[in-house]
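Structure assessment
If you want the building blocks of each chain, they are given just below.
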Amino acid sequence: MKIKELLRVVPLFSDLKDEELELLAQASYSAHFYKGQVILMEEEEEGNTLFVIERGKVKVSVQDREGRELVLAVLGEGDFFGEMAILDGKPRSANVVALEDTVALTLRRGDFLNMIHRNPWVAVRLLEEMAKRIRKADVKMKSLALLDVTGRIVYSLLQVAEDGVKVPEGVLLPLRVTRQLIADMSGTSRETVSRTLGRLRDDGYIRISGRRIILLKEDELWEDFISL
């Protein structure tokens, strides 16, 4: 997909005129990241670049003082990151690591701010997206604070199911969703995730076949483990 065409399908830029998209495309360039590569480091660099994912997946996470990781989000094609720092130029607020080989368009802070001056509605779109992410973060913090470990793991499964594939039995989770990723998202250990998945399988909520996990009863998972 050409840069201009990719930018057009990103909600943040979808209403730009052709000539504005062309200028934005000329100011952007593609960056390639291999699986496991650190793209951004929390508080290690000033933010001067916005990233739009062309293909691939990344995880956004933070670490506590003991080095334990909490995954805040998994982003894919059409999603963007780096938006907070590109506005204020301050150090990054989270770590971003490629979950698979990833290609992202990059846009420098100066070019992005010039575009906002010409098209103020882009700033409104950006604020709307940031508000959505803050709301999701609030829900996640609530789940970590109020849910038991099983509830947190179920909540993480339901999160990643948003990128899953509908199959006759239910929702097939992406193969990149490992037990370690679920552990990092739910603030627990890989071993605890494995035990919990086993119980959910035995109780008929999910089906496990090798690396494949299918949510069989998505509504029941919400009702039985998430509703507070």
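Structural notes, computed from the coordinates. (Residues numbered from 1 in each chain as written. Predicted model: local features only at pLDDT ≥ 70, side-chain atom pairs only at ≥ 80, totals over all residues. Heavy atoms only, no water.)

1. Examining the sheet that holds strand E5 (residues 69–75)
The strands that make up a sheet pair up through hydrogen bonds in the backbone, lying either parallel or antiparallel. The strand order E2-E7-E4-E5 describes an open sheet built from four strands, whose pairing is antiparallel. The open sheet terminates on both sides in strands that have one partner only, identified here as strand E2 (38–40) and E5. Geometrically, the sheet is characterised by an average inter-axis angle of 30° between neighbouring strands, direction not taken into account. Pairing geometry for E2 and strand E7 (residues 95–98), over two bridges, is antiparallel. Counted as the bridge partner of leucine 40 is valine 96 from E7. (Pairing = 2+ DSSP bridges. Helix = DSSP H or I, 4+ residues; strand = E, 2+ residues; numbered from the N terminus. Axes fitted to C-alpha atoms, helices over the stretch in contact; angles between N-to-C directions.)

2. A look at the environment of leucine 107
Checked against the element boundaries, leucine 107 lands in strand E8 (residues 102–108). Leucine 107 sits 12 residues away from asparagine 119 along the chain, and the two C-alpha atoms are 16 Å apart. The residues contacting leucine 107, other than those within four sequence positions of it, are Leu24, Ala27, Ser28, Asn48, Thr49, Leu50, Ile86 and Phe112. (Contact = heavy atoms within 4.5 Å.)

3. Looking at helix H7 (residues 179–186)
Across the eight residues that make up H7, a large majority, six, are buried. Looking at the residues trailing H7, positive phi occurs at glycine 187, about 70°. (Buried < 20%, exposed > 50% of the residue type's maximum accessible area, 1.4 Å probe, protein only.)

4. Re the environment of isoleucine 3
On the secondary structure map, isoleucine 3 appears in helix H1 (residues 3–9). Along the primary structure isoleucine 3 and serine 30 are separated by 27 residues, whereas in three dimensions their C-alpha atoms are 8.4 Å apart. When sequence neighbours within four positions are dropped, the list of residues in contact with isoleucine 3 reads Ala25, Ser28 and Leu105.

Read these as geometric descriptors, not functional statements.
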